[in-house]
Amino acid sequence: MAHMWILLLSPVSAAAEVCFDELGCFADLPPWGGTPQRPAAVLPWRPEEIGTRFLLFTPMNQLFQNVNPSFKLIDTDQSVAISNYSGKRKTRFIIPGYLKNGDEDWPQEMCKVMLKWQNVNCIAVEWKKGVAAPYAQAANNARVVAARVASMITFLMVRTAQTADKFHIIGHSIGAHAAGDVGSRIAGLARITGLDPIEPYFQDTDASVSLDTSDAAFVDVIHTDALPFNSKLGLGMTQSVGHIDFYPNGGELMPGCSANKGKPTDLDAFWEGTKKFDACNHVQAYKYYSESMIKSQGFLGFPCSDKDSFAAGKCFPCADNTCPLMGYNSDRFPMTDGISKTKYFLNTGSSTPFGRYSYKVMVTLEGPSWSNLGVMHVALAGAADSTQEGAITPGKTYEKMIDAEVDVGEVTEVKFRWNNHIINILKPKYGASKVELQRGKDKKMYKVDTAMSCRPSATCSKTIGLVV
């Protein structure tokens, strides 16, 4: 691809610009460089150095998935004509950013999962050479990747008569902002999904630089590493940038992951892989999204002002039509004002399956008049949780949020058990004089009509009924 460099000089500054045929020109002037948010003025590499490739996955490809490879390489040429690409299907592009060692091909795996559930064209965008660079360089190489994707979409629209509203771009990390850049080049995209959009060089920048709501008809965002970069080394953006923003597990520290460790000055080394860095929190975003295609109801987001209020149960349960599904089906959520001004929170598991189903159980105890040290356990037809160890007191009502790994549907039975771990010659019996259960997704209430009681480590169970 032909290119040329143009050097512009002035008494107070020096700026450069590089142009690449149909991709256009790229300058290092503000807002792209020389700003507090983007201090290094860096020009992107040539397209051939970045090495962007388009890996097409279609339903027909997957019929022969044992054939290696199970995708078709396409470009803005005759390769599309001899592929299984169809303009009658919706098209989804997946643009990666940070590449975790050993998981560099996750966009291909996401395409394969997607095609098990959707009849679409799925295109995994690969730019491994361009992203494996010092961080500021990678952030600017993403501009050329965005131009390449926009060129590909334009080519497909002309060749197949597809319209922009048939395209959905999913981007992770730097790739989320590259997706936004595509949206600024192609008006009318149906949707952009930002998976933990990265903070350095993008937060608090001009709208033309970072992902925002002007980039597509619907922009949904999942935040999983949103602690401040300069103080806590969180790679993801803190601020809400979409029509709807989700903060699973508070958006900062994911179950099964440890806190990020290192110095902000080591970002280049982390990015290029020359210094060890555990990006577990950052990469969970695309893992949650992949599972949401299979288990959508397990990712229900609760509107809440902040993570502490959500953790305290103050935003439970869902009011009518106020809880969207995080991930693949979030575009089904009706927004009356066009942009949700509310953050959405939910809990996940520490490993697959990540999706959870939320309940609140309220247990009023009965038993001897004195308090006992113990732990209560409550199970709902396969979903179980327990209180923390402490004094359990008759007549007191205990509340507990339960995040179940399985969707038990209509709850029909509740089981109660308590342990005290201490030998008591009086062998006291404790039970529940009242048990109420509320389901998070629709406020449905269930209750036990009669009391139940049992000795330590024994299990009592009762049929639970729906409160109409």
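Residues numbered from 1 in each chain as written. Predicted model: local features only at pLDDT ≥ 70, side-chain atom pairs only at ≥ 80, totals over all residues. Heavy atoms only, no water.

An unreviewed UniProt entry lists the protein under the name Triacylglycerol lipase, from Cyclopterus lumpus. The UniProt entry for the protein carries the following comment under Sequence similarities (unreviewed entry): "Belongs to the AB hydrolase superfamily. Lipase family." (UniProt positions renumbered as here; feature names shortened; annotations may be inferred.)

Enquirer: Which parts of the structure should I look at to understand the pattern of salt bridges?
Expert: Side chains that differ in sign of charge can pair as their charged atoms come close. A full pass over the atoms with the stated rule returns 15 salt bridges. A salt bridge links Arg46 to Glu48; its shortest N-O distance comes to 3.3 Å. The residue Arg185 makes a salt bridge to Asp181 at a minimum N-O spacing of 3.1 Å. In this pair, Arg185 and Asp181 are both assigned in helix H6 (residues 174-185), four residues apart and thus about one turn of the helix distant. Judged by its relative accessible area of 36%, Arg185 is partly exposed. Connected through shared salt-bridge partners, Arg53, Asp105, Glu126 and Lys128 make up one network. (Salt bridge = Lys/Arg side-chain N within 4 Å of Asp/Glu carboxyl O. Helix = DSSP H or I, 4+ residues; strand = E, 2+ residues; numbered from the N terminus. Buried < 20%, exposed > 50% of the residue type's maximum accessible area, 1.4 Å probe, protein only.)

Enquirer: Sorry, what's going on with the side chain of Lys360 here?
Expert: Tracing the chain through its elements places Lys360 in strand S14 (residues 357-366). Despite its burial, Lys360 pairs with no opposite charge; the closest candidate is Glu399, at 4.2 Å N-O. Those residues in contact with Lys360 that lie beyond four places of it in its chain are Phe316, Glu399, Lys400, Met401, Glu436, Leu437 and Gln438. (Lys, Arg positive; Asp, Glu negative; His and termini not counted. Contact = heavy atoms within 4.5 Å.)

Enquirer: I would appreciate a short explanation of the confidence of the model for the protein in the present structure.
Expert: Parts of the model with low pLDDT should not have their predicted coordinates read in detail. The share of residues in the protein with pLDDT of 70 or more is 82%, and the mean pLDDT across the chain is 86. Residue range residues 1-13 is modelled with pLDDT below 50. Its contacts to residues more than four positions away, or to other chains, number 28 contacts. (pLDDT = per-residue confidence, 0-100.)

Enquirer: Quick question: what am I supposed to make of unusual backbone geometry here?
Expert: As a rule of thumb, non-glycine residues mostly have phi less than zero, and peptide bonds are mostly trans rather than cis. Look at the link from Pro30 to Pro31: it is a cis peptide, with omega at 10°. In this model, Leu233 sits at a positive phi of 65°, which is unusual for a non-glycine residue. The topology assignment puts Leu233 in the loop between helix H7 (229-232) and strand S11 (244-248). In this structure, Lys443 takes a positive phi of about 70° despite not being glycine. Within the fold, Lys443 resides in the loop between strand S20 (430-439) and strand S21 (445-448).

Enquirer: Explain the nonpolar core to me, please; I cannot follow it from the model alone.
Expert: Nonpolar side chains in soluble globular proteins tend to be buried together. Counting 98 residues, the largest nonpolar core has Phe93 and Ile174 as its most contacted members. Beyond its immediate sequence surroundings of up to four residues, Ile174 is in contact with Gly97, Trp127, Tyr135, Ala138, Ala139, Ala142, Ile198, Phe202 and Trp271. (Core = buried A, V, L, I, M, F, W, Y, C linked by side-chain atoms within 4.5 Å.)

Enquirer: Would you mind going over the pairing of strand S9 (residues 191-195) with me for this structure?
Expert: If a strand is regular, its side chains alternate between the two faces of the sheet. Counting buried residues in S9 gives five out of five residues, a clear majority hidden from the surface. Alternating residues of S9 divide into Arg191, Thr193 and Leu195 and Ile192 and Gly194, and every residue in both groups is buried. Looking at chain direction, strand S8 (residues 167-172) and S9 are connected through five bridges and run parallel. Pairing of Gly171 across the sheet is with Gly194, part of S9. Of the pairings in the sheet, the one linking S9 to strand S10 (residues 218-222) comprises five bridges and is parallel in character. Pairing of Gly194 across the sheet is with Val221, part of S10. (Pairing = 2+ DSSP bridges.)

Enquirer: Any chance you could explain the packing of aromatic side chains here in plain terms?
Expert: The geometry of an aromatic ring pair comes down to the distance between the two centres and the angle between the two planes. Within the structure shown, the criterion is met by 18 aromatic pairs. With a centroid separation of 5.9 Å and an interplanar angle of 75°, the aromatic rings of Phe333 and Tyr344 are classed as edge-to-face. Of this pair, Phe333 sits in the loop between helix H10 (307-311) and strand S13 (343-346) while Tyr344 sits in strand S13, placing them eleven residues apart in sequence. With respect to burial, Phe333 and Tyr344 carry one shared label: buried. Against the face of Trp32 rests Arg143, its NZ or CZ located 4.2 Å from the ring centre. Directly above the aromatic system of Tyr247 lies the positively charged group of Lys343, at a separation of 5.1 Å from the ring centroid. (Phe/Tyr/Trp six-rings, centres within 6.5 Å; stacked < 30°, edge-to-face > 60°. Lys NZ or Arg CZ within 6 Å of the ring centre and 35° of its normal.)

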